[in-house]
Amino acid sequence: MSFSRLDGFRIAGVSTVVPSAQLDNLALGDRYGADDVRKVVSMAGVRHRHVVAEGQTSVDLCTDAAHRLLEALGWAPDTITGLIMVTQSPDHFLPSSACVVHGRLGLAVGCAAFDVGLGCSGYPYGLYLAATMLKGGGHQRILMLNGDTPSRFTSPDDHATTLLFGDAGSATALEAEPAGGFASHFGLFSDGAGAEALIMKGGGFRDRFPADPRDLYVRMDGAGVFNFTIKRVPPLIQDTLAVAELGVADLDAYIFHQSNRFIMKHLIKKCGLPEDRVPFTLEDTGNCGGPSVPVTLTRALAERRGALARDLRVMLLGYGVGLSWASAIVQLDAQAVLMHGVSAAAPSTAPTLDPQTESQP
Amino acid sequence: MSQHRINVDEALAMMADAFNEPLANVRPDTARDSIPGWDSMGALMLIAELDERFGIELSAEVSRQMRSVQHVLDFLAQHGALSA
């Protein structure tokens, strides 16, 4: 089993942003047929989606989220020694998006910066990598960015994917905890035999200029992905709890990748999880890939933490393209910053904080 | 093999519910094409039902090959989920 226990770090804050443009799926009935749209909205649970403007990318969203977080934490850019960017929508094949963001944030040359090419499972993976770097020594503060713009993956002719996906960026600040602190648990898994279940076949170096333009868009085997999810996620939850020697009731929340309401409801029932501990945010931010996990963390958990007035222990769950799936049990202490906002369409320079959309401790 | 079994009438009712189709329109010889709700979403509903009720996996490939209600009944019988 691929489970790990890691201490020696704490999550100092999580910042998420969504693009300012918001679409109402029900307004797309003329294009896709009102009945079909209503059916998809009813099943998938996505009414509104935030989508990037032309020229706006994951790098822009994550840079904006990182600026906001550094400002909220009072962290000087030259104190960051590691920058990880988890994305499947990079600005370029080369250089890495992490290096582009490194330049935008004005980080020091002593800061390691690299990309991780994972989608829906990316957030727990990114946390694991940041935690291992901190545990390994030599690092004090690390930024882990997770951003994706899956609305740019979809063919406008494919309503099943177009109506599902939104875009988001996030930044998570982690710092070393020399005294040890809370011991987190991670589970990381892959099944490359299912690589074709969710794939953009063209545009990479296997087929740089595909003859069929549809190969430049994502193709999803909905039934295949659903079967993968209901087969892999329930044991992932059970095994992660068992390794951490915890019961279902010991965690304050289960933060799922916001894949699809029908799938999530099925998982909740199958796993016997209390519904009030599984927040949903996809109704108005859609399935934004890996960043749907931190978006749910900031949007749903800030309120919950305020009401409980104590540290929160949560399980984070990512699953999808790869096929890849991962879990993390982490603690958010009372001082950890949780913030969510809207990002302007122009590439971010100096972000403007919107008090209407911010939620901080 | 499934630990839980249902009879043919219960199986037809399960399919009618999954496909959002009147029960009278779901007979063993009913073709998939004549059930509007047996589309990609209906197929997901059926996969979910079989997982939840019987713990059996209906793969995407087998699901796509099903052309009639009888094929679903045959699948249930093969997995020990259909009583005589």
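Keep in mind it's a predicted model, so treat the numbers as computed, not measured.

Turning next to the overall build of chain B. The helix and strand inventory of chain B stands at 4 helices and 0 strands. In sequence order, chain B lays out its α and β elements as α-α-α-α. Relative to the 2.2 N^0.38 estimate, which gives 12 Å for 84 residues, the radius of gyration of chain B is 11 Å and therefore close to what a compact globule would have. Reported as C-alpha extents along the three principal axes, the dimensions of chain B are approximately 30 × 25 × 20 Å. For chain B, buried positions account for 30% of its 84 residues. Within chain B, contacts between residues separated by at least 24 positions form 62% of all contacts whose residues are at least 6 apart in sequence.

On to the interface of chain A and chain B, then. Each partner contributes to the interface: chain A provides 14 residues, whereas chain B provides 12 residues. At the level of elements, α2 (34-44), α7 (222-243) and α8 (261-271) of chain A are the ones that each hand at least two residues to the side of chain A that touches chain B. The element contributing the most residues to the side of chain A that touches chain B is α7(A), with 7 residues. Broken down by class, the residue content of the side of chain A that touches chain B amounts to 6 nonpolar, 4 polar and 4 charged.

What follows deals with the sheet that holds strand β8 (residues 169-176) of chain A. Residue and element names in this part refer to chain A. If you walk across this open sheet you meet the 6 strands as β6-β5-β7-β8-β2-β15, and the pairing is mixed. Of all strands in the sheet, those with a lone pairing partner are β6 (112-116) and β15 (337-343), marking the two edges. Shown here is a sheet whose adjacent strand axes are inclined to one another by a mean of 15°, direction ignored. Against the sheet, helix α3 (residues 58-73) makes contact with β2 (9-19), β5 (82-86), β7 (141-146), β8 and β15, and its axis sits at roughly 45° relative to β8, the strand it touches most. Across the sheet, helix α4 (residues 97-105) is in contact with β5, β6 and β7; its angle to β5 comes to roughly 130°.

Turning our attention to the nonpolar core. Of all hydrophobic cores here, the largest spans 123 residues; its most connected members are A:A66, A:L83, A:V101, A:L145, A:L174, A:I255 and A:L317. By residue number, the principal contributor to this core is helix α2 (residues 40-54) of chain B, which donates 9 residues. Beyond its immediate sequence surroundings of up to four residues, A:L174 is in contact with A:F9, A:I11, A:A12, A:A130, A:A131, A:L134, A:I142 and A:M144.

Along an α-helix, a turn takes 3.6 residues, which lines up residues three or four apart on a common side. Residue and element names in this part refer to chain B. Given a rise of 1.5 Å per residue, 15 residues ought to cover 21 Å, and the 21 Å separating the end C-alpha atoms of α2 matches this to within 8%. Every buried residue of α2 is listed here: M41, A43, L44, M45, L46, I47, A48, L50 and F54. Phi turns positive one or two residues past the end of α2, at G55, with a value near 70°.

On to the packing of helix α1 (residues 8-18) of chain B against α2(B). All names here are of chain B. Two elements in contact, α1 and α2, have axes whose closest approach is 9 Å; the angle formed by their N-to-C orientations is 135°. Here α1 lies oblique to α2, going by the angle between them. Of the two possible hands of crossing, α1 and α2 adopt the one that is right-handed. Here M14, M15 and A18 of α1 come into contact with α2, specifically with G42, M45, L46 and E49.

Turning next to the sheet that holds strand β13 (residues 312-320) of chain A. Residues and elements named next belong to chain A. Read across the open sheet, the 5 strands follow the order β1-β9-β14-β13-β12; overall the sheet is mixed. Each of the sheet's edge strands pairs with one partner strand only, and the pair in question is β1 (3-6) and β12 (253-256). The sheet shows a mean angle of 20° between the axes of neighbouring strands, taken without regard to direction. Relative to β13, β12 is paired through 4 bridges, and the arrangement is parallel. Each bridged residue has a counterpart across the sheet, and for I255 the counterpart in β13 is L316.

This brings us to unusual backbone geometry. Here A:L94 and A:P95 are connected by a cis peptide whose omega angle stands at 0°. Its location among the elements puts A:P95 in the loop between β5 and α4. With an omega dihedral of -5°, the bond running from A:G322 to A:L323 counts as a cis peptide bond. Note on placement: A:L323 falls in the loop between β13 and β14 (324-332). In this structure, A:E245 is a non-glycine residue whose phi angle is positive, near 55°. Topologically, A:E245 is positioned in the loop between α7 and β12. Its identity is not glycine, yet B:N20 carries a phi of approximately 55°, on the positive side.

Rules of the game
- Residues numbered from 1 in each chain as written.
- Chains lettered and ligands numbered in written order.
- Predicted model: local features only at pLDDT ≥ 70, side-chain atom pairs only at ≥ 80, totals over all residues.
- Helix = DSSP H or I, 4+ residues; strand = E, 2+ residues; numbered from the N terminus.
- Rg over C-alpha atoms; globule rule 2.2 N^0.38 Å.
- Buried ≥ 20, exposed ≤ 12 C-beta atoms within 10 Å, placed from the backbone.
- Contact = placed C-beta atoms within 7 Å.
- Nonpolar A, V, L, I, M, F, W, Y, C, P; charged D, E, K, R; others polar.
- Pairing = 2+ DSSP bridges.
- Axes fitted to C-alpha atoms, helices over the stretch in contact; angles between N-to-C directions.
- Core = buried A, V, L, I, M, F, W, Y, C linked by C-beta atoms within 7 Å.
- Expected span 1.5 Å × (residues − 1).
- Parallel < 35°, antiparallel > 145°, perpendicular 65-115°, else oblique.
- Left-handed = near helix turned anticlockwise from the far one by under 90°.

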